[in-house]
Amino acid sequence: MQYLCLVRIDDDLIGKLTPEDDRQQQLESMAHDEDLKRSGHLIAAQPVQGPESATTIRVRNGKVSMTDGPYVETKEHLGGFMVIDAKDLNEALALAGKAPVARFGSIEVRPTWDLKD
Amino acid sequence: MTDTVDIDAIYRAESRRVLATLIRLLGGFEAAEEALHDAFAAAAERWPREGLPANPRAWLVSAGRFRAIDRIRRRARFDALAPEVAHEVERMAEEASEPMDAQTIRDDQLRLIFTCCHPALAPDAQVAMTLREVCGLTTEKIAAAFLVPPPTLAQRIVRAKTKIREARIPYSVPAQDELPGRLDTVLHAIYLVFNAGYSEPADDADLAAEAIRLGRLLADLLPDAEVLGLLALMLLNNSRRAARTDVAGDMVLIADQDRSL
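These numbers were taken from a predicted model, which means no experiment stands behind them. (Residues numbered from 1 in each chain as written. Chains lettered and ligands numbered in written order. Predicted model: local features only at pLDDT ≥ 70, side-chain atom pairs only at ≥ 80, totals over all residues. Heavy atoms only, no water.)

Trainee: Now, about helix α3 (residues 89–97) of chain A: what can you tell me, with residues and values included?
Mentor: All names here are of chain A. Taken residue by residue, α3 has L89, N90, A92, L93, A96 and G97 as its buried positions. One side of α3 holds all its buried residues, which, seen down the axis, span an arc of 160 degrees. For α3, the capping residue at the N-terminal end is D88, with a side-chain oxygen 3.1 Å from the backbone nitrogen of N90. (Buried < 20%, exposed > 50% of the residue type's maximum accessible area, 1.4 Å probe, protein only. Helix = DSSP H or I, 4+ residues; strand = E, 2+ residues; numbered from the N terminus. Arc of directions from axis to C-beta. Polar contact = N/O pair within 3.5 Å; in protein donor to acceptor, adjacent residues only side chain to side chain.)

Okay, here's the thing in structure tokens:
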């Protein structure tokens, strides 16, 4: 049985870390991912860029609307996730907007961190 | 004997169009702004001696582009730049310089407007970006008009450019099927600019006039019914501006307004 584990970060706690401690926790996270991979439990894992990089897309009555940021109505609940490959934000938004669920909720589209950097 | 070359006038007339093209050629705002600065520095040095080139705009784009390539090459010697970047630079250098025709310039201006007004940017960021990059207003003037401290406004623009870069907002004119929605966002931003200026008395940083200028530019580049409608609305409202308030700054009822103003 598969699970979504959605990581939420506490800005206050993370903000208190020194740059060295922050780098340390990132290295430890990557090591944990490796452990999960080795034990065969990992299906997908990736860090995403912060809320300031997010765009939210909705489709209502055939009309597409986009807003900046993670904009969630309190009556929405997490329904799933996709990790897609696209050449730029417009393509990502177009692909996300085609998901049928965009008509019944919102899809927040955020660029991931390229771990090669 | 060369005629005196008015670099300031040329900057006012051409810098925004040159920037729009440089952003496309160099792939980003930062590189384009540096290139623009370098291009005008070169012009200020050479034009008084050599005279005005036949096509100043093309000269500036060319100068900016080559200096940008030089910059990257020089940096590559100091940093261990990834091979792909060095490759990209050489590709940029080799690309046959395309004709800088009127259509290319108009397309680049549209690219700039649609990028500054991308819905992935917050509305106040769209407005700040448009006034700064398309209209060329200084951050001080924009900040004063919106009653925010200049550093706050500057940060707003920095964050917008960061998002454009990090989320990879493409520098492009939207496809036909996306155009109505995207145009809506642009018109909304222009109207926000107009509103910000309309309630203030016309002064140095007259945003209402700037909005009308933007409306005219957009109508010229994209003669769409909605664009013309907004322009007409702004012109109509602006025409009555002088008559709206009396000497004390109080509102004058429409029936009492002086129609000769």
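Trainee: Could you give an account of the interface of chain A and chain B, naming the residues involved and the relevant values?
Mentor: Between chain A and chain B, the contact holds 16 residues from the first and 14 residues from the second. Taken together, the links from chain A to chain B amount to zero salt bridges. Across the contact surface, chain A and chain B share five residue pairs in polar contact (both at pLDDT 80 or more). Broken down by secondary-structure element, the contributors of at least two residues to the side of chain A that touches chain B are β2 (63–68) and α3 of chain A. Residue composition of the side of chain A that touches chain B, grouped by class: six nonpolar, six polar and four charged. (Contact = heavy atoms within 4.5 Å. Salt bridge = Lys/Arg side-chain N within 4 Å of Asp/Glu carboxyl O. Nonpolar A, V, L, I, M, F, W, Y, C, P; charged D, E, K, R; others polar.)

Trainee: I'd like to hear about the environment of A:A102, residue by residue, with values.
Mentor: All names here are of chain A. Positionally, A102 belongs in the loop between α3 and β3 (107–109). When its relative accessible area of 0% is taken as the criterion, A102 is described as buried. Residues A102 and P70, spaced 32 residues apart in sequence, show a C-alpha to C-alpha distance of 14 Å. Apart from the residues within four sequence positions on either side, A102 is in contact with R58, V59, R60, A96, G97 and I107.

Trainee: Describe the side chain of B:T104, naming the residues involved and giving the relevant values.
Mentor: If you trace the backbone, B:T104 turns up in helix α5 (residues 102–116). Polar side-chain contacts of B:T104 include one of 2.4 Å to the side chain of B:D101.

Trainee: Tell me about the layout of surface pockets, residues and numbers included.
Mentor: Here the second largest pocket is characterised by a volume of approximately 790 Å³. Around the second largest pocket, the lining comprises 27 residues; the ones closest to its centre are A:V64, A:S65, A:M66, B:G181 and B:R182. Elements represented by at least two residues in the lining of the second largest pocket include exactly β1 (55–60), β2 and α3 of chain A together with α6 (123–134) and α9 (179–198) of chain B. For the lining of the second largest pocket, a count of residues per class yields 11 nonpolar, nine polar and seven charged. (1 Å grid on protein atoms, 1.4 Å probe; cavity = no way out; pocket = protein on both sides within 12 Å on 5 of 7 lines; lining within 4 Å. Points joined across faces, edges and corners; volume = space filled by probe spheres on them.)

Trainee: Go over the pairing of β1(A) with me, naming the residues and quoting the values.
Mentor: All names here are of chain A. In terms of burial, β1 is largely enclosed, as five of its six residues are buried. Bridge count for β1 against β2 is six bridges, and the pairing is antiparallel. Note that in β2 the partner of T56 across the bridge is T67. Alignment of β1 against β3, held across three bridges, turns out to be antiparallel. Within β3, the residue paired with T56 across the bridge is E108. (Pairing = 2+ DSSP bridges.)

Trainee: I'd love a proper account of the nonpolar core, names of residues and values included.
Mentor: Residue and element names in this part refer to chain B. In terms of nonpolar packing, the biggest core is built from 83 residues, with L60 and L218 touching the most fellow members. When residues in this core are grouped by element, the largest group, 10 residues, is from α9. The residues contacting L218, other than those within four sequence positions of it, are L110, I113, L183, V186, L187, I190, P223 and V227. (Core = buried A, V, L, I, M, F, W, Y, C linked by side-chain atoms within 4.5 Å.)

Trainee: Got a sec to walk through the side chain of A:D88? Specific residues and values, please.
Mentor: The topology assignment puts A:D88 in the loop between β2 and α3. For A:D88, a relative accessible area of 15% translates into the label buried. Among the polar contacts listed, one links the side chain of A:D88 to the backbone nitrogen of A:E91, at a separation of 3.0 Å. When neighbours within four sequence positions are excluded, A:D88 is seen to be in contact with B:R168 and B:P170.

Trainee: Help me get a handle on the packing of aromatic side chains, residues and values and all.
Mentor: Residues and elements named next belong to chain B. By the definition in use, this model includes four aromatic pairs over all chains. Their ring planes at 65 degrees and their centres at 5.2 Å tell us that W47 and W59 sit as a pair that is edge-to-face. With W47 in helix α2 (residues 29–50) and W59 in helix α3 (residues 56–78), this pair connects stretches of sequence that are 12 residues apart. Taking the centre distance of 6.2 Å and the plane angle of 20 degrees together, the rings of Y191 and F194 count as stacked. On the criterion of helical spacing, the pair formed by Y191 and F194 is a turn pair, its members being three residues apart in helix α9. Y191 sits in the partly exposed class, given a relative accessible area of 30%. Judged by its relative accessible area of 1%, F194 falls in the buried class. Residue placement shows R65 over the ring face of F66; its charged tip is 5.1 Å from the ring centre. (Phe/Tyr/Trp six-rings, centres within 6.5 Å; stacked < 30°, edge-to-face > 60°. Lys NZ or Arg CZ within 6 Å of the ring centre and 35° of its normal.)

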